[in-house]
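Structural overview for review
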Amino acid sequence: MAAGATCVIGGELPTGAGYFYPPTLLTGVRPGMAACAEETFGPVAAVMTAVDADHALDLANATPYGLAASVWTSPERGEALAPQIEAGQVSVNGIVKTDPRLPSGGVKRSGYGRELGRHGIHEFVNAQQVWVGPKRE
C-alpha cells in the first residue's frame, strides 16, 4: 500500500489470540511491488491490469517464481494459454489446488521436481539396475 496499491479489503491483522491473516484484495498492483514480486502464501489477491492476453502472459511470467497459476476465461482459451504460463501447475476457471492423483510442484525459484501422482512417486524412489551374466548354457 505504501508502494501505491489500494487495499480494497483485509490487510489488517486482527486482534486476539492465534495466527490469522484475513483475505486481502489489492488493486492497482504494478510490477516490482512486493505483492507481485514475492510469494505471499496467504489469502492475498494482487490485481494487475493487462492490455491484452500477450501482456497478461508477460506479467504472469515476469517473476522468479512459478508454483501455480490460474486463468479465468473460456475453457478453450484457457487451455491455449496454460502452456505459455511458466508455472508447475495451471488451473483454468478454478482455484489452484492439489489432487493426490496428479503431479504437483513448481518451476523457477518455486522448486523443482514433483510430488503426488505417478510422476511424484518416481521422485522419491531410486531405480536400481541389476545385471547378472554372462548367460550360461
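Everything that follows concerns the structure shown earlier in this document.
Residues numbered from 1 in each chain as written. Predicted model: local features only at pLDDT ≥ 70, side-chain atom pairs only at ≥ 80, totals over all residues. Heavy atoms only, no water.

A short note on the nonpolar core
Note that soluble globular proteins tend to have their nonpolar side chains buried in a common cluster. One finds Leu57, Ala69, Val71, Leu81, Ile85 and Ala87 forming the largest nonpolar core, which totals six residues. Setting aside its immediate chain neighbours within four residues, alanine 69 contacts Ile85, Ala87, Gln89, Val90, Ser91 and Val96. (Core = buried A, V, L, I, M, F, W, Y, C linked by side-chain atoms within 4.5 Å. Buried < 20%, exposed > 50% of the residue type's maximum accessible area, 1.4 Å probe, protein only. Contact = heavy atoms within 4.5 Å.)

Comments concerning unusual backbone geometry
Unlike most non-glycine residues, asparagine 93 shows phi in positive territory, near 60°. Along the polypeptide, asparagine 93 turns up in the loop between β6 (89–92) and β7 (107–108). Judged by relative accessible area, which is 33%, asparagine 93 ranks as partly exposed. The backbone of lysine 108 shows a phi angle near 55°, a positive value even though the residue is not glycine. By the element assignment, lysine 108 lies in strand β7. (Helix = DSSP H or I, 4+ residues; strand = E, 2+ residues; numbered from the N terminus.)

Here's the deal with the pairing of β6
Side chains on a regular strand alternate between the two faces of the sheet. Only one face of β6 is buried: it carries Gln89 and Ser91, and the other face, with Val90 and Val92, is open. With four bridges connecting them, strand β5 (residues 68–71) and β6 associate as parallel partners. Bridged to alanine 69 within β6 is valine 90. This β-α-β element, β5 to helix α3 (residues 75–81) to β6, shows right-handed connectivity. (Pairing = 2+ DSSP bridges. Right-handed = clockwise from strand over helix to strand, strands pointing away.)

Brief notes about the sheet that holds strand β1 (residues 6–9)
Sheets are built from strands paired through backbone hydrogen bonds, the pairs being either parallel or antiparallel. The sheet built from three strands is open, its strands ordered β1-β2-β3 with mixed pairing. Strands with a single pairing partner mark the edges of an open sheet, and in this sheet they are β1 and β3 (44–46). Neighbouring strand axes in the sheet, compared pairwise and without regard to direction, differ in orientation by 25° on average. As judged from the three bridges shared by β1 and strand β2 (residues 24–27), these two strands associate in the antiparallel manner. Within the sheet, the bridge partner assigned to threonine 6 lies in β2 and is threonine 27. (Axes fitted to C-alpha atoms, helices over the stretch in contact; angles between N-to-C directions.)

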